[in-house]
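Per-entry structural report
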Amino acid sequence: MKRVEEMGLWERIYLPEVIRGLCLTGYRFWRNLIVHTLHLFGLAKHLQAAITVQYPEERLPYPETFRGRHRLTLKDDGSPHCTACFLCATACPAQCIYIQAGEYPDNPVEKFPIRYEIDTLRCIYCSLCVEACPCDAIRMDTGIHPANWGFSRKDFVEDKETLMNRSRELEEKGPEGLYEEHVSRYRHV
Ligand code: SF4
Ligand code: SF4
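This report concerns the structure included in the present document. Please read all numbers here as calculations on a predicted model, not as lab measurements. (Residues numbered from 1 in each chain as written. Chains lettered and ligands numbered in written order. Predicted model: local features only at pLDDT ≥ 70, side-chain atom pairs only at ≥ 80, totals over all residues. Heavy atoms only, no water.)

What to know about the site of ligand 1
Quick note on the threshold: Put simply, a residue is near a molecule or strand once any heavy atom of it comes within 4 Å of that molecule or strand. Amino acids are sorted into nonpolar (Ala, Val, Leu, Ile, Met, Phe, Trp, Tyr, Cys and Pro), charged (Asp, Glu, Lys and Arg) and polar (every other residue, Gly among them).
Taken together, 14 residues form the shell around ligand 1, and within it Cys92, Cys123, Cys126, Ser127 and Cys129 come nearest. Each residue belonging to the shell around ligand 1 can be placed in one class, and the counts come to twelve nonpolar, two polar and no charged.

Now the structure itself:
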């Protein structure tokens, strides 16, 4: 990007560039409208027009590596695999994982998270937490997008129970069931 002092007079006036941008947008809009209309009548099939995916009713196929909302994986007894080692929180570039470690009365070696929270407003969905975890305790394989609406900041903080429940629901309903439930909330807002 150019600095102001590197710009010529034409660019410093801004107005010509604004008009150029509007012309380009207008051209795209009318071209798409006309080409789609022609397609409706079976004409100009050789011309391509832009298509907007009507999310959430339509979805493009997600890659295997899609990083969806987090979940805490569970042991057979329903407790989290997480040992509250803090490696994920340390690796997190957004510093949005909050852990409070607790100790088992009968196990002096391993710990568990009393509190495990992810502030998804700060999360950049980089999956470094998943990579850092030595015991596969956190995953982002749910296939669902982060929440994009809420009424307060707290609505975006996912706590331990939410993250554990997501694992249970994923097992019960599968990724498609989880996704349907996720988007049904948006449809009823
Ligand atoms: S996905 Fe990235 S930003 Fe989000 S919690 Fe994990 S490490 Fe932090
Ligand atoms: S999720 Fe994994 S890396 Fe993070 S505290 Fe738990 S065990 Fe450690």
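Now that the structure has been shown, the text picks up again.
Let's talk about the pattern of salt bridges
Note the following rule: Note on definitions: salt bridges are taken to be side-chain nitrogens of Lys or Arg within 4 Å of carboxyl oxygens of Asp or Glu. Summary of the burial criterion: residues with accessible area below 20% of their type's maximum are buried, those above 50% are exposed, and those between are partly exposed, where the area comes from a 1.4 Å probe applied to protein chains only.
Per the stated rule, a full pass over the model turns up twelve salt bridges. A salt bridge links Arg115 to Glu117; the nearest nitrogen and oxygen atoms lie 3.0 Å apart. Judged by its relative accessible area of 19%, Glu117 is buried.

Remarks on the site of ligand 2
Taken together, 14 residues surround ligand 2, and among them Cys82, Cys85, Phe86, Cys88 and Cys133 come closest. Tallied by class, the residues present in the shell around ligand 2 amount to 13 nonpolar, one polar and no charged.

Quick word on unusual backbone geometry
Which entries qualify depends on this criterion: For the purposes of this entry, the term helix denotes a DSSP run of H or I that reaches at least four residues, the term strand denotes a run of E that reaches at least two, and both are numbered from the N terminus.
Residue Phe86 is not a glycine yet carries a positive backbone phi of 75 degrees. Mapped onto the elements of the fold, Phe86 is located in the loop between strand 1 (71–72) and helix 3 (87–91). Overall, the relative accessible area of 35% leaves Phe86 in the partly exposed class. You will see that Asp136, though not glycine, has its phi angle at about 55 degrees, which is positive. By relative accessible area, which is 39% here, Asp136 ends up partly exposed.

Functional significance is not addressed by these values, which are geometric in nature.
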